[in-house]
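# Coordinate analysis (summary)
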Amino acid sequence: VKILLLGSQHGNELLGEKLYAHILKHQPELADHVQYVVGNPEARRQRKRFIESDLNRSYNGRETTYEERRATYILDIIHEQSFDLILDLHTTTCVQPPCLIVPSIHPELARFLRACSLTRVVHINHAIAKTSLIGACPQAIAIEVNKNDVSPQLLSSLCADIHRFIKQEATHTKKQIYEVTELLAKGSFTESQAGQLVNFTRSSHGFYPILVGENSYKKHTDYLGFKADKMYEIEV
Ligand SMILES: [Zn+2]
């Protein structure tokens, strides 16, 4: 079983790096199955989200920006080594519980969904996923954790998930699937309205906000976060 841990697709996010260090120190038996790659080394050095374009929107086959060239390089590594699983590890400043992000609920991902103790799964059913890593690789899953929640307990729990994946074991937890078909446009909410949204909780507007935070208005994008119109539960 071969697993790729991809850290710092966004250079200022260190979940991957911390998880890999935790594995080497506390779970060395997992290290044989795991390879760690820094997604965006230049942005990591400069502690910035990206240099020229958001790497996780740069899997588009072009080679114009530093990140587009980096995306091609990462896909080459993935194609050469036939990984069973790619964990794309992100941290966020948005206040929300840890979640998984997938481009669809397909069989290649079921084995990790079964193994993983996280129950919230965001299904991005929107064109935005196409140029992200999870859109480009069927065996990739993104994990998003609030930066203050990256504790030794959380890292141990992710190690236990990886361990179960290797052994093909299950947690028997139900998953809540939040289906995102739209982005939350900046123009549609004022900053104070956006401030009242609670991630993963159905708002009075009828949708579940996801990855909406106090920095959303400052982001380089024209959207505040994701908008899930429905949530349903599955047993994997
Ligand atoms: Zn990120």
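Heads up: these notes are all about the structure in this document. (Residues numbered from 1 in each chain as written. Predicted model: local features only at pLDDT ≥ 70, side-chain atom pairs only at ≥ 80, totals over all residues. Heavy atoms only, no water.)

What follows deals with the layout of surface pockets. By volume, the largest pocket amounts to about 920 Å³. Taken together, 39 residues make up the lining of the largest pocket; nearest its centre are H10, E13, R49, T91 and T92. Secondary-structure elements contributing two or more residues to the lining of the largest pocket are α1 (15-26), β3 (85-92), β6 (140-146) and β9 (223-235). By residue number, the principal contributor to the lining of the largest pocket is β3, which donates 4 residues. Considering only residue class, the lining of the largest pocket consists of 14 nonpolar, 14 polar and 11 charged. By volume, the second largest pocket is sized at about 250 Å³. Classifying every residue of the lining of the second largest pocket by side-chain character gives 7 nonpolar, 5 polar and 2 charged. (1 Å grid on protein atoms, 1.4 Å probe; cavity = no way out; pocket = protein on both sides within 12 Å on 5 of 7 lines; lining within 4 Å. Points joined across faces, edges and corners; volume = space filled by probe spheres on them. Helix = DSSP H or I, 4+ residues; strand = E, 2+ residues; numbered from the N terminus. Nonpolar A, V, L, I, M, F, W, Y, C, P; charged D, E, K, R; others polar.)

Moving on, we get to empty space enclosed by the protein. On inspection of all chains with the given rule, the structure shows 1 cavity of 30 Å³ or more. By volume, the largest cavity is sized at about 30 Å³. Contributing to the lining of the largest cavity are L113, R114, A170, T171, H172, T173, E235 and V236. Broken down by class, the residue content of the lining of the largest cavity amounts to 3 nonpolar, 3 polar and 2 charged.

To continue, consider the packing of helix α5 (residues 107-115) against helix α7 (residues 152-167). In the contact formed by α5 and α7, the axes pass within 8 Å of each other and the chain directions differ by 130°. Viewed along their axes, α5 and α7 adopt a mutual orientation that is oblique. By crossing handedness, the relation of α5 to α7 is classed as right-handed. Contact residues: R111, F112 and A115 in α5; D161, R164, F165 and I166 in α7. (Axes fitted to C-alpha atoms, helices over the stretch in contact; angles between N-to-C directions. Parallel < 35°, antiparallel > 145°, perpendicular 65-115°, else oblique. Left-handed = near helix turned anticlockwise from the far one by under 90°. Contact = heavy atoms within 4.5 Å.)

Next up on the list: the state of the cysteines. Inspection of every chain in the model, using the stated rule, returns 0 disulfides. Free of any disulfide, C94 has its nearest neighbouring cysteine sulfur in C99, separated by 9.9 Å. Here C137 stays free of any disulfide, with the sulfur of C116 as its closest cysteine sulfur at 19 Å. C137 sits in the buried class, given a relative accessible area of 1%. (Disulfide = S-S within 2.5 Å. Buried < 20%, exposed > 50% of the residue type's maximum accessible area, 1.4 Å probe, protein only.)

Once that is clear, we can look at the environment of T93. Tracing the sequence through the fold places T93 in the loop between β3 and β4 (99-102). Among the residues examined, T93 registers a relative accessible area of 43% and is labelled partly exposed. Distance in space between the C-alpha atoms of T93 and K174 is 26 Å, their sequence separation being 81 residues. In contact with T93, other than residues within four places in its own chain, are N146, K147 and N215.

In contact at an axis separation of 10 Å, α1 and α7 are set at 75° when each is read in the N-to-C sense. On the basis of their axis angle, the class for α1 and α7 is roughly perpendicular. In this structure, α1 contributes L15, K18, L19, H22 and I23 to the contact, and α7 contributes P152, L154, L155, S156, L158, C159 and I162. Across the contact of α1 with α7, the residue classes break down as 9 nonpolar, 2 polar and 1 charged.

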